[in-house]
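These are the residues of each chain, in order.
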Amino acid sequence: MNVNSKIIDGVEITWLGNACFRLRGENVTIYLDPYGLPGNLPLEDMADIILLTSEHPRSFDPDSIRIVRNSNTTTLLPENMNLQFRGDARRVEAGDYLIDDLCIKGISIEVVPSYKPGDSGPTEVGVGYVITIGGKRIYYAGFTGLIPEMQSISADIVMFPIGDCTMNAEQAAEAVIMISPQIFIPVYYECTDIPDTNRAADIRTFRENVSRKAPHVELLFPEDL
């Protein structure tokens, strides 16, 4: 399991492999799409909040969810997800605002669209989240393509996967330019078991596009955390 962490303005952001991240701050631990986690996590690493975006096979791992979840954990999952939960599990859909009196354990969470656009309509529909923690708005997009709803998202830090099952390098750069965050953390990985021979070129293209069109955005690749 990869474990790469960086503290940004008091918020610890840890990449745990695939599209899985852990956020820690304000006495709360949040897991985003838990995946591939070991079964011997210490008590302090258990989740206060779990945010699930979809049932995409590269992000959805029921075993990892069980590992980090306990009786005190609040889990948010898309309305269309088939998995059933006991305890505090809440189904959400794009447009839900869990803020003010509805915030989860002191954390404001906005649920935003996530899907793959297509000629015959959206596919792989799930959700993304904008989490406010430590005064920072963090946008975790889930398994989405480049979608027009990104134009209305305001975030300081943005994280989402880049690959043949989501966005390519050019589309990802366009999304970064559209949202214009302070920091962008791209997750590059293959959506199949066939190695991506163009990965280095894609990363170079992505860096060049963002540097040229949005030079104020700091790029942090997970392996650099």
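Being a predicted model, the structure only gives us computed values, none of them experimental. (Residues numbered from 1 in each chain as written. Predicted model: local features only at pLDDT ≥ 70, side-chain atom pairs only at ≥ 80, totals over all residues. Heavy atoms only, no water.)

Caption draft 1: Structural detail: the overall build of the protein chain. In terms of helices and strands, the protein chain carries three helices and 14 strands. Taken over the C-alpha trace, the protein chain has a radius of gyration of 16 Å; the compact-globule value for 225 residues is 17 Å, and the two agree within 12%. Dimensions of the protein chain, computed from the C-alpha atoms along their principal axes, are close to 45 × 40 × 35 Å. The buried share of the protein chain, taken over its 225 residues, is 52%. Look at the contacts in the protein chain between residues 6 or more apart in sequence, and 50% of them connect residues 24 or more apart. (Helix = DSSP H or I, 4+ residues; strand = E, 2+ residues; numbered from the N terminus. Rg over C-alpha atoms; globule rule 2.2 N^0.38 Å. Buried < 20%, exposed > 50% of the residue type's maximum accessible area, 1.4 Å probe, protein only. Contact = heavy atoms within 4.5 Å.)

Caption draft 2: Up close: the pattern of salt bridges. The final tally for this structure, using the stated rule, is seven salt bridges. Arg66 is the salt-bridge partner of Asp63, the closest N and O atoms lying 2.5 Å from each other. Of the two residues, Asp63 and Arg66 are both situated in helix α1 (residues 62–68); the distance of three residues between them amounts to about one turn of the helix. (Salt bridge = Lys/Arg side-chain N within 4 Å of Asp/Glu carboxyl O.)

Caption draft 3: Main features of the nonpolar core. Counting 34 residues, the largest nonpolar core has Ile13, Phe21, Ile30 and Met159 as its most contacted members. Here the element with the most residues in this core is strand β10 (residues 123–133); it accounts for four residues. The residues contacting Ile30, other than those within four sequence positions of it, are Phe21, Arg22, Leu23, Ile49, Leu51, Ile107, Ile131 and Ile133. The next biggest cluster of nonpolar side chains, apart from the first, holds 28 residues, and it includes Val112, Val158, Phe160 and Val176. (Core = buried A, V, L, I, M, F, W, Y, C linked by side-chain atoms within 4.5 Å.)

Caption draft 4: Expanded view of the pairing of strand β2 (residues 11–15). Within β2, four of the five residues are buried, which leaves it mostly tucked inside the rest of the structure. Two strands pair when backbone bridges link them, and strand β1 (residues 4–8) and β2 are joined in this way by five bridges, in the antiparallel orientation. Looking across to β2, one finds that Ser5 is bridged to Thr14. Joining the antiparallel neighbours β1 and β2 is a turn of two residues, in which Asp9 adopts a positive phi near 50 degrees. (Pairing = 2+ DSSP bridges.)

Caption draft 5: Structural detail: the side chain of Thr75. Relative to the helices and strands, Thr75 is located in strand β6 (residues 74–78). In this structure Thr75 comes out as buried when scored by relative accessible area, which is 0%. For Thr75, the side chain forms a polar contact with the side chain of Arg69, separated by 2.8 Å. Excluding residues that lie within four positions of it along the chain, Thr75 makes contacts with Ile50, Leu52, Arg69, Phe85, Asp88, Ala89 and Arg90. (Polar contact = N/O pair within 3.5 Å; in protein donor to acceptor, adjacent residues only side chain to side chain.)

Caption draft 6: View of the confidence of the model for the protein chain. Averaged over all residues, the pLDDT of the protein chain is 89; the fraction at 70 or higher stands at 93%. Ranking the elements of the protein chain by mean pLDDT puts helix α3 (residues 199–213) last with 83 and strand β5 (residues 49–51) first with 98. (pLDDT = per-residue confidence, 0-100.)

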